[in-house]
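# An overview of the molecular structure
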Number of protein chains: 2
Amino acid sequence: MEKLTIAIDAMGGDLGASAMVKGAAMAMEDFPFLEPVLFGDEKVLFEEAKKYGGMKIVHAPTVILPSESPTLAFRRKKDSSIVMGLKYVKEGNAAGFVSAGSTGALLTGATVIIGRKPGVERPALGTLLPTKKGHVLLLDCGANMDCKPTYLAQFAQLGTEYMQKCMKLDSPRVGLINVGTEDEKGNAAAKEAFALLNGTPGFVGNIEGREILSGEIDVAVCDGFTGNVLLKFTEGFAKTMMGMVKEELLATTISKLGALMAKGAFKRLRKRFDYREVGGAPFLGLNHLVIKAHGSSDALAIKNAIRQCVQYQ
Amino acid sequence: MEKLTIAIDAMGGDLGASAMVKGAAMAMEDFPFLEPVLFGDEKVLFEEAKKYGGMKIVHAPTVILPSESPTLAFRRKKDSSIVMGLKYVKEGNAAGFVSAGSTGALLTGATVIIGRKPGVERPALGTLLPTKKGHVLLLDCGANMDCKPTYLAQFAQLGTEYMQKCMKLDSPRVGLINVGTEDEKGNAAAKEAFALLNGTPGFVGNIEGREILSGEIDVAVCDGFTGNVLLKFTEGFAKTMMGMVKEELLATTISKLGALMAKGAFKRLRKRFDYREVGGAPFLGLNHLVIKAHGSSDALAIKNAIRQCVQYQ
């Protein structure tokens, strides 16, 4: 098999270079044709990479911190791991880019440096959420606030392509997130987007909030404001519900004992909700795939983020 | 204590007149000064009401069904329980109105017949969601799709008043739902709404999706598109999560046994998420309070919807 090069921002994650490099090594085991190129401080990376071998290192002396202004940092830190990695991809040296660093800098940088695919007005950030039957790709999750109807229609197309390539679905079912299933429902953008999407392959129509995780939809499209609120709400809701479950289970001795016996079930449940198993958030609509890995990604999460890039080719 | 009259659409709910009338009777037990006036088919209502006594009946021969076009039905069915009940309130005969009927017809009818409070551009539909510490009022939940910044600022004020009156909070904490906590975040409407709300009493700033249920916020403001999607998503997410919990608990004998022992805890948990305990969705910003009860409301839910009207006075 032909070699496949993926560029990795080895400095961005909260857990530091060791998790990023270990993740790359794990991905190499799964995909022997993979050639990771690590961007970051060469001294640090050399120490980490020599444990595994087979990785190329490109020296990028600075890091863009999540606390910095994305646009300013992106303009000033030309020698940062994000900017240098993206340029490497842009120049055709790698097929994709993975970073667990500043979201803002990554999205701005990727759009400016790598550039949009022909016909795509705005790239979108997707997130894979667990459903009863598998996963649904929610997009846009925050790259675009006020969306024109054409953006939404393009998101549907981008999401479809991603689910075909990475989730091996023949014909992903696309739903437009809305306040009702009737054709004429919604805000101005959703109404017009419905008209654009109606009749296109895979489009099942408007879906309500309760259908997003039903397992009947593979791609759920909305503007980045709604998507971002939804995504973070998921996090808060799961935490609140789990807190309540815990509180009630600890309320009596017998339920406490019951909880202890059901420990394995709760553990399996946590695994189903574990973002590390899924990988990162694909930033779609650019000339190459960029994956935003969670800031606190460990090696497993990074391995899966790299896998996303591999499968997308 | 002075008498308090509340008008009730006794025909609208899925469970029929008996649940509505029983709910009214339960509310009368809690509030001896309460005088419910039932709107609907007088023969049916007479049979139901004679079980309890003390209720006035106003004959309204037709019902607006959820399947009918709200605007058309509202214009044509002048003798429906919703239209007649709302007129009764408008004319000063009752302090509030409770209906479990067609949401669309109720919201349209209430706005046109009862009319908006001075200074309110758009009334908003609120929903009380359970948090770890109590409840948060989410509004707007679907009455207004594309919202001007002034609408959002007014929703904050309407929510504050409701939580003061009905939840007895001295100074409710108001958050503007957004994609980040920084001042300059959001779509165009949220950015401008932030500027309008900044510095007003109780306003804590932008909140992210994950903070809505944290218990740190009493009123969470957003446009009706986002709110409706969120609200229905909550429903779907709880169902998906509970389905997964069940699946995992049934997967092994020991966890099955554990689940059986923890049955009481799960029952208490369901009660915390039970909308019937909270009542209905307040439609705020009109000259009188209108409560939209869930279509499948039973007597307990209706009693609590009437309680909301009583407490709001």
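Residues numbered from 1 in each chain as written. Chains lettered and ligands numbered in written order. Predicted model: local features only at pLDDT ≥ 70, side-chain atom pairs only at ≥ 80, totals over all residues. Heavy atoms only, no water.

Our focus in this paragraph is empty space enclosed by the protein. Summed over all chains, the structure comprises 3 cavities of 30 Å³ or more. Estimated volume of the largest cavity: approximately 60 Å³. Together, M241, M242, V245 and F266 of chain A together with M241, M242, V245 and F266 of chain B line the largest cavity. Secondary-structure elements contributing two or more residues to the lining of the largest cavity are α8 (224-249) of chain A together with α8 (224-249) of chain B. Here the residues of the lining of the largest cavity are counted per class, giving 8 nonpolar, no polar and no charged. (1 Å grid on protein atoms, 1.4 Å probe; cavity = no way out; pocket = protein on both sides within 12 Å on 5 of 7 lines; lining within 4 Å. Points joined across faces, edges and corners; volume = space filled by probe spheres on them. Helix = DSSP H or I, 4+ residues; strand = E, 2+ residues; numbered from the N terminus. Nonpolar A, V, L, I, M, F, W, Y, C, P; charged D, E, K, R; others polar.)

This part takes up the interface of chain B and chain A. Each side of the interface is counted separately: chain B has 53 residues, and chain A has 53 residues. Taking both sides of the interface into account, the surface hidden between chain B and chain A amounts to around 5,300 Å²; carbon and sulfur atoms contribute 73%. Taking the shortest distance from any N to any O, the salt bridge between E235 of chain B and R210 of chain A comes out at 2.8 Å. Linking chain B with chain A are 16 residue pairs in polar contact (both at pLDDT 80 or more). If you list the elements that add at least two residues to the side of chain B that touches chain A, you get α7 (188-197), α8, α9 (253-261) and α10 (263-272) of chain B. (Contact = heavy atoms within 4.5 Å. Buried area = accessible area lost by both parts, 1.4 Å probe. Salt bridge = Lys/Arg side-chain N within 4 Å of Asp/Glu carboxyl O. Polar contact = N/O pair within 3.5 Å; in protein donor to acceptor, adjacent residues only side chain to side chain.)

Overlaying chain B with chain A gives an RMSD of 0.0 Å, the required rotation being 180 degrees about an axis along which the chain moves by 0.0 Å. As the rotation angle and translation indicate, the two copies are arranged about a two-fold axis. If distances are taken from each C-alpha of chain B to the rotation axis, the shortest is found for G258 of chain B, at 1.9 Å. Residue by residue, 100% of the interface of chain B is reproduced at the interface of chain A, so both copies engage with the same surface. (Least-squares fit on C-alpha atoms with pLDDT ≥ 70 in both.)

All we've got here are geometric facts, nothing functional implied.
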